[in-house]
Amino acid sequence: MSINRIGILGAGAWGTTLAIVAQRAGREVILWARRAEQANALANNRENLLHLPGLPIDPGIEITGDIRAALQADAVLVALPAQHLSEHLASLAWPASLPAVICAKGIERKTLNSMPEVMAAIHPQAPLAMLSGPTFAGEVARGRPAAIVIAARDMVLAENLAAAIATPEFRPYASDDLVGVALGGAVKNVLAIGCGMAIGRGLGENARAALVTRGLAELARLVDAAGGRRETATGLSGAGDLILTATSRQSRNTSLGEDLGRGRALASILAERQSVAEGVESAGAVVALAARHGVEMPICESVAAVLAGGSIDEELRRLLARPLKRETQSS
């Protein structure tokens, strides 16, 4: 399969960055922006002033406000907000042989579907893949080294996609565990909010390390129960992404958690932001999905409870009062 032309849906920080990366890799690129005024601004300024100021968009990258034009490609990277995937894709006539590479991290609230499952429900004929891993968009756009994973049930498709967007600084690894990779990207955002809360509350780095480690155990249990492989939770889309996200205030989820930990109201935090902290949207869905699979995820449950208006101190007491158990115990 030859992948020479890549369409990208969504011109936020990550979609714009992926366009820059794909063009660096030698591909023809067409980037679709959801709003006509955004498409015009990007085309005229050759810069994403809102999300990536100071980083030029090469003139070779085509920018469009027509989503159908972006489907005239050999593969399409879908970099839309997780909770809005359905509304943007449902009415499209998706070509049967056109690979859809999901680049959004989350669990759909109304269905508890992962992002690949959302796409599969809308367009079951589309070959599916998922791109995820430890990446801050600004660093990738500036050409700093990063590694990600591209998962597809068809390993040949995953490897072809990886080869199509690889550069010396951007290293994709192929995987066939679509379930594990999709869940890693969703759960790590929820855990990162919890880690941010711990720092904002002044609990220290020991507490953050404990939350990261025990959070990974929660992720591994969910991946296993949902039909993925536990070892995926220790890879780029699980441990790698969580380590990056939970240890830097560059992360929208961690910084939101820190602000919550310092006593700010969630509504106030969200009101001043222009970007989405996906963990806020996914926390309740992650907990509900775990309950569906009979998996215990106490850290994620506490984060979801705080986001729903609960007390951080009360949830902390609840976590610390849990019975002692063996580290490798399954629940």
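The model shown is predicted, which means the values in this text are computed figures rather than measured ones.

Side chains of nonpolar character tend, in soluble globular proteins, to be buried together. Core analysis: the largest hydrophobic core is formed by 43 residues, its most contacted members being Val187, Ile193, Leu256, Leu260, Met297 and Leu307. For this core, the secondary-structure elements that each account for two or more residues are α8 (178-200), α9 (205-226), α10 (236-246), α11 (252-261), α12 (266-271), α13 (278-292) and α14 (298-307). The residues touching Leu260, leaving out its near neighbours within four places in the chain, are Ile193, Met197, Arg201, Ala265, Leu266, Ile269, Leu307 and Ile312. In this structure, Val21, Ile148, Ala152 and Phe170 belong to the second largest nonpolar core, which totals 41 residues.

Another aspect to go through is the packing of α8 against α9. α9 packs onto α8 with a crossing angle of 155° between their chain directions and a minimal axis gap of 9 Å. With respect to their mutual orientation, α8 and α9 come out roughly antiparallel. As for how α8 packs across α9, the hand of that crossing is right-handed. On the side of α8, the interface is formed by Val179, Gly180, Leu183, Gly184, Val187, Leu191, Gly194, Cys195, Ala198 and Ile199, while α9 contributes Glu205, Ala207, Arg208, Leu211, Val212, Gly215, Leu216, Glu218, Leu219, Leu222, Val223 and Ala226.

What follows deals with the packing of α8 against α11. In contact at an axis separation of 6 Å, α8 and α11 are set at 40° when each is read in the N-to-C sense. One way to sum up the angle between α8 and α11 is to call them oblique. α11 is crossed by α8, and the crossing has right-handed handedness. Every residue of α11 that contacts α8 at Asn189, Ala192, Ile193, Gly196, Met197, Ile199 and Gly200 is listed here: Asn253, Thr254, Leu256, Gly257, Glu258, Leu260 and Gly261. The residue inventory of the contact of α8 with α11, partitioned by class, reads six nonpolar, seven polar and one charged.

With respect to the helices and strands, the residue Asp74 is situated in the loop between α3 (67-70) and β4 (75-78). Remark: the alpha-carbon pair of Asp74 and Ala100, spanning 26 residues in sequence, is separated by 9.7 Å. Leave out the neighbours within four places in its chain, and Asp74 touches Met1, Ser2, Ile3, Asn4, Arg5, Leu98 and Pro99. One polar contact links the side chain of Asp74 to the main-chain amide nitrogen of Asn4, over a distance of 2.9 Å.

By the alternation rule, side chains of β4 split into Ala75 and Leu77 and Val76 and Val78, which are all buried. Relative to β4, strand β1 (residues 5-9) is paired through four bridges, and the arrangement is parallel. Looking at β4, one finds that Ile6 is bridged to Ala75.

So, about unusual backbone geometry. Working note: non-glycine residues mostly have negative phi, and peptide bonds are mostly trans. For Arg46, which is not glycine, the phi dihedral falls at a positive 55°. For Arg46, the location among the structural elements is in the loop between α2 (36-45) and β3 (62-64). Residue class for Arg46 comes out partly exposed when judged on its relative accessible area of 21%. Of note in the backbone geometry, Leu112 takes a positive phi value of approximately 65° without being a glycine. Mapped onto the elements of the fold, Leu112 is located in the loop between β5 (100-102) and α5 (115-122).

What follows covers the pairing of strand β6 (residues 128-132). Most of β6 is tucked away, with five of its five residues classed as buried. Because side chains alternate across β6, one face comprises the buried residues Leu128, Met130 and Ser132, and the other comprises Ala129 and Leu131, equally buried. Bridge analysis of β5 against β6 gives three bridges, and the strand direction is parallel. Within the sheet, the bridge partner assigned to Ala100 lies in β6 and is Leu128. Running through α5, the crossover from β5 to the neighbouring parallel element β6 is right-handed.

Reading the values: rules and limits
- Residues numbered from 1 in each chain as written.
- Predicted model: local features only at pLDDT ≥ 70, side-chain atom pairs only at ≥ 80, totals over all residues.
- Heavy atoms only, no water.
- Core = buried A, V, L, I, M, F, W, Y, C linked by side-chain atoms within 4.5 Å.
- Buried < 20%, exposed > 50% of the residue type's maximum accessible area, 1.4 Å probe, protein only.
- Helix = DSSP H or I, 4+ residues; strand = E, 2+ residues; numbered from the N terminus.
- Contact = heavy atoms within 4.5 Å.
- Axes fitted to C-alpha atoms, helices over the stretch in contact; angles between N-to-C directions.
- Parallel < 35°, antiparallel > 145°, perpendicular 65-115°, else oblique.
- Left-handed = near helix turned anticlockwise from the far one by under 90°.
- Nonpolar A, V, L, I, M, F, W, Y, C, P; charged D, E, K, R; others polar.
- Polar contact = N/O pair within 3.5 Å; in protein donor to acceptor, adjacent residues only side chain to side chain.
- Pairing = 2+ DSSP bridges.
- Right-handed = clockwise from strand over helix to strand, strands pointing away.

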